[in-house]
Protein chains: 4
Amino acid sequence: MTHPAAPIDHQVRDLGLAEAGRHQIRLAEHEMPGLMALRRRHAAERPLQGARITGSLHMTVQTAVLIETLVALGAQVRWSSCNIFSTQDEAAAAVVVGPDGTPDDPCGVPVFAWKGETVDEYWRLLGRAFDWSGEAARAGADWIGPNLILDDGADATAFLHLGARAEQVPEDAGRPERPGVEEQALWAEIDRILADRPGWFTGAAAGIIGTSEETTTGVHRLAHLDRIGRLRWPVIDVNDSVTKSKFDNRYGIRHSLPDGLDRGTDVLIGGKVAFVCGYGDVGKGAAEALRGQGARVIVSEIDPICALQAAMDGFQVARLEDVAGEVDILITATGDRDVVTVPVLLALKDHAIVGNIGHFDNEIDMAALEALPGAERVRIKPQVDEWRLPNGRSVLVLSEGRLLNLGNATGHPSFVMSTSFTNQVLAQMELFAAPDRHAVGVHRLPKTLDELVARLHLDALGVRLTELTSAQADYLDVPVEGPYKPEHYRY
Amino acid sequence: MTHPAAPIDHQVRDLGLAEAGRHQIRLAEHEMPGLMALRRRHAAERPLQGARITGSLHMTVQTAVLIETLVALGAQVRWSSCNIFSTQDEAAAAVVVGPDGTPDDPCGVPVFAWKGETVDEYWRLLGRAFDWSGEAARAGADWIGPNLILDDGADATAFLHLGARAEQVPEDAGRPERPGVEEQALWAEIDRILADRPGWFTGAAAGIIGTSEETTTGVHRLAHLDRIGRLRWPVIDVNDSVTKSKFDNRYGIRHSLPDGLDRGTDVLIGGKVAFVCGYGDVGKGAAEALRGQGARVIVSEIDPICALQAAMDGFQVARLEDVAGEVDILITATGDRDVVTVPVLLALKDHAIVGNIGHFDNEIDMAALEALPGAERVRIKPQVDEWRLPNGRSVLVLSEGRLLNLGNATGHPSFVMSTSFTNQVLAQMELFAAPDRHAVGVHRLPKTLDELVARLHLDALGVRLTELTSAQADYLDVPVEGPYKPEHYRY
Amino acid sequence: MTHPAAPIDHQVRDLGLAEAGRHQIRLAEHEMPGLMALRRRHAAERPLQGARITGSLHMTVQTAVLIETLVALGAQVRWSSCNIFSTQDEAAAAVVVGPDGTPDDPCGVPVFAWKGETVDEYWRLLGRAFDWSGEAARAGADWIGPNLILDDGADATAFLHLGARAEQVPEDAGRPERPGVEEQALWAEIDRILADRPGWFTGAAAGIIGTSEETTTGVHRLAHLDRIGRLRWPVIDVNDSVTKSKFDNRYGIRHSLPDGLDRGTDVLIGGKVAFVCGYGDVGKGAAEALRGQGARVIVSEIDPICALQAAMDGFQVARLEDVAGEVDILITATGDRDVVTVPVLLALKDHAIVGNIGHFDNEIDMAALEALPGAERVRIKPQVDEWRLPNGRSVLVLSEGRLLNLGNATGHPSFVMSTSFTNQVLAQMELFAAPDRHAVGVHRLPKTLDELVARLHLDALGVRLTELTSAQADYLDVPVEGPYKPEHYRY
Amino acid sequence: MTHPAAPIDHQVRDLGLAEAGRHQIRLAEHEMPGLMALRRRHAAERPLQGARITGSLHMTVQTAVLIETLVALGAQVRWSSCNIFSTQDEAAAAVVVGPDGTPDDPCGVPVFAWKGETVDEYWRLLGRAFDWSGEAARAGADWIGPNLILDDGADATAFLHLGARAEQVPEDAGRPERPGVEEQALWAEIDRILADRPGWFTGAAAGIIGTSEETTTGVHRLAHLDRIGRLRWPVIDVNDSVTKSKFDNRYGIRHSLPDGLDRGTDVLIGGKVAFVCGYGDVGKGAAEALRGQGARVIVSEIDPICALQAAMDGFQVARLEDVAGEVDILITATGDRDVVTVPVLLALKDHAIVGNIGHFDNEIDMAALEALPGAERVRIKPQVDEWRLPNGRSVLVLSEGRLLNLGNATGHPSFVMSTSFTNQVLAQMELFAAPDRHAVGVHRLPKTLDELVARLHLDALGVRLTELTSAQADYLDVPVEGPYKPEHYRY
């Protein structure tokens, strides 16, 4: 059983791109000590030998180091991006070529992604990442499918679930009656496969040992699947490792938010009024970064605990609609929809900058803006649009309402992705090492692995850890070597 | 059955003290909106009618507002402090007199505490807080004991457990072979009661519905009791409410650490090298406060995750022994023992300031310092000692190694104690409302109550909360009115 | 010619006070490396031998180290405070006793100051600091007066000028027609001397070599005297040494503002809205301190440059009257009058805290508050008054509107005063070494001395200075050993 | 007399570039309220009518707004860049085309600059900016030269001085015996003109009314010329306006340093050890930015006052050579030479990032690095080189040791350049309005103009200034409308 060969191919033969990407990957390796340590620790045993991983995650330089780490541990990998704008083409090209390949003789990993995909292309490329027919052919096998999914936002995992359900219970497949643009493209790809290769989804789904999921949003979707009884395999929630949620979400955003604003707009942040919607980990990182650049930051929250934290951290906590007229820079960090509506956009200061670092582009109601009579879009440069509003003012919208740190800059920096991706690799190893250990459901990594991830990143920063004496460990009732905290500890 | 009347009495008839205390209580009420809201909400129903609470918690102005809130909700209360230095005498006096009493006709709550108790006095005063014989006499009852304990550090709860065990299994009562000063005093008080009133401990213990515990250390002790199967009643762990651990521990310390340093020493913090042992919530608050005053802060950690957080927050992470010679201000925030040893004290800069905001005075090895040949203590003023060391240098030790924010200043400010104490009152109400709901063990408050505590403190800070639309709530899969986060969420 | 012996004496014979003060002085010496270095450098030559200094400056522990440094360099000194609340009685007592004296045989410096003087007492005590008749008697001289003034706020210098003018041109002496309370007391003291010792003022003024002045306000007054042609001797403006204005004013306030708020009110600063009037050096330190404690800080300014700085530093810049209803903590740092008026006090949040760290008590219009019908003052504790307002709200006024860091806490910490006072001592040495070098007028210290002050404070903080190579110095066109910057450089 | 037509032309006919530049200029105008206000205020009177300005300043989008403001006020302008890497080609193209021109019919300003000039090209392009022969031809004049210079780093002013001296006193022209690369190129251009057009330099120099100079370094060079008696015309030192040195140097760097690091390297700043050489205004901005991103910042200083400031601001102050082995990111901000030497480069951590935001590329001894045996340069991308060192480590050098914020990012953001450039325009107006008012020498703008610059930037940030009452102004002895501070005030 093979996946239909898609007519869309990836960039392979661009010598300049691949070489530039290889330089950057080499530099990034220096900044990803966790992944490099895993390569060193497990070089001999190759614990992922036999693993076939379909990955769906922003195809950046850092992801290149992740992919090549998975390969170094023995896995076979196929990859697509989870975002139409976030691919760094030179990273994709370099991964395809491979560290030892050449553009004419690539020996790397098939990557199906480029910067600036259409929505249609996006789903077709995900389809290709699931199509292991070439590997089957090379192995002389009838059919080979992936046995692990490495996911970001859960699109890949959901795709298999939707397709399998459509094969098995077509009358209750969740096919929307009035699909939006995104859903149309998704179902077009599902339908293509259903038509070309009946049974493919069911077979592929049956072969999956588990998924490791990167984000809050993805975990949320998969937990929902589990709650309604439809989840088909175990999921490891990488997002909720402390070394992911408290690092990537917070410190990554602290870096990549101003980076995206700077590259997108070149506008001074200092002295401006910045409004951050949401004071979770992402919002905390955003607020800290903006304050660190001299902005006056106002925060909104729905959760009284986070709201109280924001106040205690010295931020004004207000409703967006009450202060919109003072706002120069508006950032969404909620993971919810319709957080910035057209009335808010109309109320902002002239030339206000509007960007999203939460998750989907519906945090800012882009659809309503596009439908607003009299609104006109002027492209300033890629991923930067001036929207001229009917009231005579304009706003600058970054990355069409999608993640601005990925669209306008290069995403989170390597070091912080190293903590996240070391969790990912450990999760893949955990799933693959003992396929039966985990029940169907959403699990977190054990605290020992979480602490291991941190530990692998300390030397690079010159951190010297204090060691407990055994008397001190006894007094605290913890092992000398950890773990040190109860499960509910909040860091 | 009555507890032996102790010869130690509390301050009642000091008019000036009580009046000064009443002024401060009135001002503190303005800063404790959570407690005042509970008084307003439950004034009519008096949900603690019938509760008899023995409290053991720093007898400060804020605690006065807590005590009077418990009384307003219907409870009878007896109180002692959990620390020999932390009592504010004017607060104690005012509580004894009561809001409507006079020094000659006190109608408040019996409080057994003063600033600067000896260790012997400490345990005898705790004994008096457990002695409800006066109340029994007034009620014409044979015997009345407490039915609830409100604890800080678990001394009160442990005291009943130890005594009851000593009555019931004297051969395995945990009586230490070579007791320290503290243990001698504790067992002296137990033995006094065992001798005077056989059976008192067993009876008192049988009457307890539950304990609410304030601190990390106390929870740790009680969880240990539970693990070894000796815990006798349910405990509500107030410490691990988000609105306690992430507020009191962090923002409270951020305020009261520099306050204690300033009142104790008047030494400029700016420009100094400050070393903070431990980067948990308390350490985070300490480091933020010291940096906010312009110190260069170095942190030590045993936990790689917290260590990585410290590094990402811009702090040097080192071992104390490696940098002691640069340190001007040394603060312990670990909850562990022997964190500052004599060799470290000898290695510090001349005139370094040494203080503890963790928990017990063994974080700094005071016993070894006192035993050090050639070391000499010069009292600068109460709670500030210059220790002249045999190497010719000296260190300034605050509060004899006990909690400096309580010993040298007035503890956490009212507002932050309001979040903690609102949790305490809710925990007491939760225990008393349904004595059978909770199994023996250590429990946390449900997230709805945690969010309620936060909610009751927003108006006072001018925070305006954003409200979810039902579409947004559906999208996030949470109720519009909360709770908003999964249990494992870390804030 | 002698000054009339005033009946007011200072505290001498309080053994406990003097001993406590001596301990604190000893500790402060450790924190005042600049002064101690001057003692070491000039111990042999005693450059102030023959100097007779009348000082008028807050009589704190730090001032004690200053006074004893002047004495160590050879000077004779008499002292009073420049503020009715700022004296630390134990410091005064210790200085009077002297390092080697005893309460029964004091051999220190006459100090005329105590905490909580009346306004009448204030001016009489200043009179006593000018009265060198005892020294004259001991020296067997007819008359001895001071030859140097060390001033803070210029009261001492102005006092001699006013008195001398009143003797010489009584019809144009500047005697106010409707004197306020302050002016009545000042002129009462002048008149007493005019009556008892005709000619005393003229004689004393003639003997003065110069004044060194500590503050912005004092320099301002003296520059005005100079501009109208009445200044009688050279003044060295210590305030405008970089190591004074940029250190004491900024870093001193950063420390002592929260210290004063904490000791005065015990109110949590975090989460509150704090308003700082003025964003000069003092205001910058205030805003930084409050932000460092988690307050949200709003600033007002009249100067567009400072206003723009505040905005670029991330602060909201608003008019007080526009936001008074949100303000929890209101601090004046302007040096101007009527900055906080009664309408503002009435508009503040209930229980708002109001304090002044600028200079005189007219920054907050206390006179109008006292005259407000229906306003009632409730003394909470010394230097903390709750003013109940006719609109049913109340405000907490610190130190009766005078400098709260001195009234509610202990003023600036030693280290920062060491930079200021090292400038003072260098200024006194500069004036005394070459009485004719300086024309009548207001001068600043040369940059080499300013850099010297800084240099004397580096070792204590572990700072290691980089040294220019001569090639580098040539390239920059500066001497290897400094000074390094042009006069107009702003640091 | 005409300047020889250089064979080097500027980009004119690139439609896409010019259009992209025009969009960016339009957005920048919104961020440059000071310049736009000057256009509005002086649109009618055209105070620069008759001015012919040769400008030498980074040819960025912001400079485009500056140039078009000068034109709007009536000036004729010719322009080159003062840095080989800092030109933004689209800005240059748009200025050449002009707001109303087309690529085929440009009607803008001749700009001679592109990103990535060689050193030879650099000086020839400066020559072209001085060559007004086209304008002469169009005007039917024999000869036209500039009458004003707008300079950054003083290259343009020095060029005319050197050339004129070479014409007039060839035997003492300062021609170096062993010229470096830079000097060879400079003298090649001078010699070309000397050969082609004898007397041109003398004539051109005679026509200059004055120079306005942008930078510390440039002012330093011109003050040196003045000191040795060779300066030929008045200079207005724009750099030392408060609204320049305290804004551009500090807040501009705070923005553009992390921007340059991010675009150049994508490396996480958080958690890293960053070393900043120099704690002047530029160093202060750099240190604040790096701390705001979570780096641990160490500072070096030669000036004890700045060193003490750094310590009081919480930074470690050390010598670079003592801590080089811990440093991840090394930034020079001194304006001096040889601050980073080869031994330091060899001592840094592997893969350390090295960049300059001071001024010339000799702050980092690039010449010595290039000459180091065994060192190898690997170009990662334009303006980012990995230098592999003979010790097996490597360092990443940004912008070949030149200003990284200009080479790797787009320089300072518009708003902060608006404060600088408003000073520039005011300086040009001041020189042109009264050619004889200023003596030969280096002058600063009067404080009223400095305050005006600030005032013109407040509305855009929502700042509301407080106004003095006349009673308050009298009390302070300042005019109600300012200026408010004495000349020596340091802000």
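So, how was this worked out
- Residues numbered from 1 in each chain as written.
- Chains lettered and ligands numbered in written order.
- Predicted model: local features only at pLDDT ≥ 70, side-chain atom pairs only at ≥ 80, totals over all residues.
- Heavy atoms only, no water.
- Helix = DSSP H or I, 4+ residues; strand = E, 2+ residues; numbered from the N terminus.
- Polar contact = N/O pair within 3.5 Å; in protein donor to acceptor, adjacent residues only side chain to side chain.
- Least-squares fit on C-alpha atoms with pLDDT ≥ 70 in both.
- Contact = heavy atoms within 4.5 Å.
- Pairing = 2+ DSSP bridges.
- Axes fitted to C-alpha atoms, helices over the stretch in contact; angles between N-to-C directions.
- UniProt positions renumbered as here; feature names shortened; annotations may be inferred.
- Salt bridge = Lys/Arg side-chain N within 4 Å of Asp/Glu carboxyl O.
- Buried < 20%, exposed > 50% of the residue type's maximum accessible area, 1.4 Å probe, protein only.
- Right-handed = clockwise from strand over helix to strand, strands pointing away.
- Domains from an automatic or database assignment.
- Buried area = accessible area lost by both parts, 1.4 Å probe.
- Nonpolar A, V, L, I, M, F, W, Y, C, P; charged D, E, K, R; others polar.

Draft legend 1. Just the environment of Trp-132 of chain B, in detail. All names here are of chain B. With respect to the helices, strands and loops of the structure, Trp-132 is situated in the loop between α5 (119-129) and α6 (133-139). Taking the C-alpha atoms as reference points, Trp-132 and Ile-144, 12 residues apart in sequence, are found 5.8 Å from one another. For Trp-132, the side chain forms a polar contact with the side chain of Thr-54, separated by 3.0 Å.

Draft legend 2. Quick peek at the relation of the copies chain C and chain B. At an RMSD of 0.1 Å, chain C and chain B line up after a rotation of 180° and a shift of 0.0 Å along the axis. Taken together, the rotation and translation describe the operation of a two-fold axis. Measuring from the rotation axis to each C-alpha of chain C, the shortest distance belongs to Gly-292 of chain C, at 2.0 Å. Mapped onto chain B, 100% of the interface residues of chain C are again interface residues, and the two copies thus contact each other with one and the same surface.

Draft legend 3. Structural detail: the sheet that holds strand β14 (residues 394-398) of chain D. Taking strand neighbours across the sheet as the criterion, the eight strands line up as β9-β8-β7-β10-β11-β14-β13-β12 (chain D) in an open arrangement whose pairing is mixed. Of all the strands in the sheet, just β9 (316-317) and β12 (376-381) of chain D have a single pairing partner and so form its edges. Strands in contact with helix α1 (residues 15-30) of chain A are β12, β13 (384-388) and β14 of chain D; relative to β12 of chain D, the strand with the most contacts, it is inclined by about 105°.

Draft legend 4. Region of the structure containing the UniProt feature "domain: S-adenosyl-L-homocysteine hydrolase NAD binding" (unreviewed entry) in chain A. When the UniProt feature table is mapped onto this chain numbering, "domain: S-adenosyl-L-homocysteine hydrolase NAD binding" (unreviewed entry) sits at residues 249-411 of chain A. Structurally, residues 249-411 of chain A comprises 36% helix and 23% strand, and the distance from its first C-alpha atom to its last is 11 Å.

Draft legend 5. Structural detail: the sheet that holds strand β1 (residues 52-56) of chain A. Residue and element names in this part refer to chain A. Across the sheet, which stays open at both edges, the seven strands sit in the order β3-β2-β1-β4-β5-β6-β15 with parallel pairing between neighbours. The open sheet has two free edges, formed respectively by β3 (111-112) and β15 (442-443), since each of these has just one partner strand. Pairing analysis gives two bridges linking strand β2 (residues 76-80) to β3, with the strands arranged parallel. Across the sheet, residue Ser-80 finds its bridge partner in β3, namely Phe-112. Packing of helix α3 (residues 61-72) onto the sheet brings it into contact with β1, β2 and β4 (148-151), and relative to β2 it is tilted by some 160°. Each of β1, β4 and β5 (210-213) touches helix α7 (residues 155-168); the most contacted strand, β4, lies at about 130° to it.

Draft legend 6. Region of the structure containing the pattern of salt bridges. Within the structure shown, the criterion is met by 126 salt bridges over all chains. Here Glu-430 of chain C ties to Arg-437 of chain C by a salt bridge, and the two come within 2.7 Å at their closest N and O atoms. Its relative accessible area of 15% is what places Glu-430 of chain C among the buried residues. Salt bridges sharing common partners tie together Arg-377, Arg-379, Asp-385 and Glu-400 of chain A.

Draft legend 7. Looking closely at the pairing of strand β7 (residues 273-277) of chain A. Residues and elements named next belong to chain A. The buried fraction of β7 is high, at five of five residues. Where burial is concerned, the two faces of β7 agree: the one with Val-273, Phe-275 and Cys-277 and the one with Ala-274 and Val-276 are both buried. Direction of pairing for β7 relative to strand β8 (residues 296-300): parallel, over a ladder of five bridges. When the bridges of β8 are listed, Ala-274 appears paired with Val-297. The parallel pair β7 and β8, bridged by helix α13 (residues 281-292), forms a crossover whose chirality is right-handed. In this sheet, strand β10 (residues 329-332) lies alongside β7 in parallel orientation, the contact comprising four bridges. Across the sheet, Val-276 pairs through a bridge with Ile-331, a residue of β10.

Draft legend 8. Looking closely at the pairing of β12 of chain D. Residues and elements named next belong to chain D. Two elements, β12 and β13, share five bridges in a ladder whose sense is antiparallel. Bridging from a neighbouring strand, Arg-377 pairs with Trp-387 of β13. Hairpin connection from β12 to β13: two residues lie between these consecutive antiparallel strands, with Gln-383 at a positive phi of about 70°.

Draft legend 9. Up close: the side chain of Thr-60 of chain A. Residue and element names in this part refer to chain A. Looking at where Thr-60 falls in the secondary structure, it is placed in the loop between β1 and α3. Its relative accessible area of 5% is what places Thr-60 among the buried residues. Setting aside chain neighbours within four positions, we find Thr-60 in contact with Ser-86, Gln-88, Ala-91, Leu-406 and Thr-410.

Draft legend 10. The arrangement of the interface of chain C and chain B in detail. If you look at the interface, chain C gives 41 residues, while chain B gives 41 residues. Linking chain C with chain B are six salt bridges, by the criterion used here. The residue Asp-266 of chain B makes a salt bridge to Arg-263 of chain C at a minimum N-O spacing of 2.8 Å. Mapped onto the side of chain C that touches chain B, the elements with two or more residues apiece are α1 (15-30), α12 (248-265), α13 (281-292), β12 (376-381), β13 (384-388) and α19 (414-433) of chain C. By residue number, the principal contributor to the side of chain C that touches chain B is α12 of chain C, which donates seven residues.

Draft legend 11. Quick look at the domain arrangement of chain A. Residue and element names in this part refer to chain A. Splitting chain A by domain gives domain 1 (15-243 + 411-448) and domain 2 (251-408). Relative placement of domain 1 and domain 2: their C-alpha centres are 30 Å apart. The partner domain 2 presents 15 residues to the 17 residues of domain 1 that form the contact. At the boundary of domain 1 with domain 2, total buried surface from both sides reaches about 1300 Å², with 65% on carbon and sulfur atoms. The largest per-residue losses of area from domain 1 upon contact with domain 2 belong to Phe-85, Gly-411 and His-412, which jointly make up 40% of the total buried on that side. Here the side of domain 1 that touches domain 2 is composed, by residue class, of five nonpolar, nine polar and three charged.

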